[in-house]
Amino acid sequence: MITATRPRGLLRSTRAVATVALTILLTMATAACSTTTPAVPSYAAATHGDPKFENTFQHNFADVDGVRMHYVTGGHGTPVVLIHGWPQTWYGWWPIMPALAEHHTVYAIDLPGLGDSTGLPTGSDKATLARYAHTLIADRLGVRDARVVGHDFGAAIAFQYADQFPADTARLGYLDLPLPGPAIDARTYRALSWHIAFHSQPRVPEAIVGDHVREYLAMFYPQASFGGTAFGGTSERSPFTDAEIDEFARTYSRPEALSVGFELYRALDKDVRDTVADPPTSVPTLLMTAQGQLDAIRATLSPRLTNIVRAVDVPHAGHWLVEENPQFVTAELEHFLD
């Protein structure tokens, strides 16, 4: 039997061609993958792949008086504006947003200079920040019948929104903050807690916290939780997951955002002056507080909020009402907003 053999040179050249062809194919495949799966922007990383978010909500940006404001919107129905406090972002509302979006169009904003909003606001007093929020919601988005809900310093901003723009505010949700004003001056306010006095100092908190933002937040959240040291307890339980803390730390680790956050505290003197000068507002208001704090907080509000239609403390919740008892908070908001 005769066996045909290929010349060795031909075999080498064939293998070389095959190797080159394979390399080209792999390069093309890699390029195709890189063009069809772009990197997820940092502001969307926490919600990427979550069907609850991607089926209903979207991230948006708008330029407002020199600040690029980030906000998340979704749902259908009467408009609800959610304003966060410190140290949170729009993401602090996420536990209740899908439920609210079933009957409302939700707008969860990042305050100027915080979260994924960029640029520095002209002031961190709550009246100024309320004007930024109103320009975004009423002027840029055309919403003139907002139900405005705020938590922590976001509650004071929501109050200023309703007080300055009552015709554009259908209802006010005020969550867990003594209102700086005639019932409690700035000096007394700073004495309420160590962290208020500490955050009010110029430059000091940035120097101490700046390289340890995540660690600081992780230690702070349990203190203001139900049973935590801020309420006279000893609990070290945090209502936040590691992923939630990571998301808040991601934005507050920006030096500019860290400073803007502390400026919320440094503006207390102006906040008191503004509230004292403001006329009372009769916008229908829902007040919710940490368990056991209702009477004390309502006493700071009653001189300026004359139409509190419902006031409740949230069972088994410290300062973080939304995270600690989302079902209760959602039910109260849905009943009130409708």
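How each quantity is defined
- Every chain begins its residue count from 1, and numbering advances along the sequence as written.
- For a predicted model such as this one, the threshold for reporting local features is a pLDDT of at least 70, and the threshold for listing and counting side-chain atom pairs is 80 or more; totals across whole chains, interfaces and linings nevertheless cover every residue.
- Side-chain figures throughout are based on the complete set of non-hydrogen atoms in the structure, without hydrogens or water.
- The way it works is a 1 Å grid over only the protein atoms, where trapped points that fit a 1.4 Å probe form a cavity and open points with protein on both sides within 12 Å along at least five of seven lines form a pocket, and then any residue with an atom within 4 Å of a point lines it.
- Grid points are joined across faces, edges and corners, and a volume is the space filled by probe spheres set on the points.
- Under the DSSP-based scheme used, a helix requires at least four consecutive residues in state H or I and a strand at least two consecutive residues in state E, with every element numbered from the N terminus.
- Ten residues, namely Ala, Val, Leu, Ile, Met, Phe, Trp, Tyr, Cys and Pro, are considered nonpolar, four, namely Asp, Glu, Lys and Arg, are considered charged, and the remaining ones, Gly among them, are considered polar.
- Only protein chains enter the accessibility calculation, which uses a 1.4 Å probe. A residue is then buried if its area is under 20% of the maximum for its type, exposed if over 50%, and partly exposed in between.
- Along the arc lie the directions from the helix axis toward the C-beta atoms.
- The contact rule is simple, with two residues in contact once any of their heavy atoms fall within 4.5 Å.
- Note on aromatic contacts: the rings of Phe and Tyr and the six-membered ring of Trp form a pair at centre separations within 6.5 Å, being stacked when their planes are under 30 degrees apart, edge-to-face when over 60 apart, and tilted otherwise.
- Criterion for a charge above a ring: Arg CZ or Lys NZ at most 6 Å from the ring centre, at most 35 degrees from the ring normal.
- pLDDT is a per-residue confidence score from the predictor, ranging from 0 to 100.
- One bridge is not enough; two strands pair if DSSP finds at least two bridges between them.
- Lines fitted to C-alpha atoms define the axes here, with helix axes fitted over just the stretch in contact, and angles between the N-to-C directions of these axes take values from 0 to 180 degrees.

Details of the layout of surface pockets
In this structure, the largest pocket encloses a volume near 600 Å³. As for the largest pocket, its lining consists of 25 residues, of which Pro178, Ser193, His195, Ile196 and His319 are closest to the centre. Of all the secondary structure elements, the ones that give two or more residues to the lining of the largest pocket are helix H7 (194-199), helix H9 (213-223) and helix H13 (294-301). Residue composition of the lining of the largest pocket, by class: 17 nonpolar, six polar and two charged.

A look at H13
For H13, the complete set of buried residues consists of Leu294, Ile297, Thr300 and Leu301. Looking straight down H13, one finds that the buried residues subtend no more than 135 degrees of arc, so they occupy a single side. Summarising the contacts, the buried residues of H13 are in contact with strand E6 (169-175), strand E7 (285-290) and strand E8 (308-314).

Side note on the packing of aromatic side chains
Any two aromatic rings considered together are summarised by their centre-to-centre distance and by the angle between their planes. In total, this model carries 23 aromatic pairs according to the counting rule given. Taking the centre distance of 6.0 Å and the plane angle of 40 degrees together, the rings of tryptophan 86 and phenylalanine 262 count as tilted. Of this pair, tryptophan 86 sits in the loop between strand E3 (78-83) and helix H3 (97-100) while phenylalanine 262 sits in helix H11 (residues 255-266), and the two are 176 residues apart along the sequence. A relative accessible area of 2% means that tryptophan 86 is categorised as buried. Residues tyrosine 216 and phenylalanine 220 carry aromatic rings whose centres are separated by 6.5 Å and whose planes lie at 15 degrees to one another, so their mutual orientation is stacked. Of this pair, tyrosine 216 and phenylalanine 220 both sit in helix H9, four residues apart, which is roughly one turn of the helix. Like tyrosine 216, the residue phenylalanine 220 is buried in the burial classification. Note that lysine 126 overlies the ring of phenylalanine 153, its terminal NZ or CZ placed 4.7 Å from the centroid.

As for H9
The complete set of buried residues in H9 reads Val213, Tyr216, Leu217, Phe220, Tyr221 and Pro222. Contacts made by the buried residues of H9 are with H7, helix H8 (204-209), helix H10 (242-252) and H11.

Concerning the confidence of the model for the chain
Close reading of the predicted structure is inappropriate where its pLDDT is low. Overall, the predicted model of the chain reaches an average pLDDT of 92, with 89% of residues at or above 70. Across residues 20-35, confidence stays below pLDDT 50; counting only partners more than four residues off in sequence or on other chains, it has zero contacts.

A word on the sheet that holds strand E4 (residues 104-109)
Note: strands within a sheet are paired through backbone hydrogen bonds, in either parallel or antiparallel orientation. Read across the sheet, eight strands follow the order E1-E2-E4-E3-E5-E6-E7-E8 without closing on themselves; strand pairing throughout is mixed. Every interior strand has two partners, whereas the edge strands, strand E1 (57-64) and E8, have only one. On average, adjacent strands in this sheet sit at an angle of 20 degrees to one another, irrespective of strand direction. Its contacts with the sheet place helix H4 (residues 126-140) against E1, strand E2 (67-75), E3, E4 and strand E5 (146-151), and it is angled at close to 110 degrees to E1.

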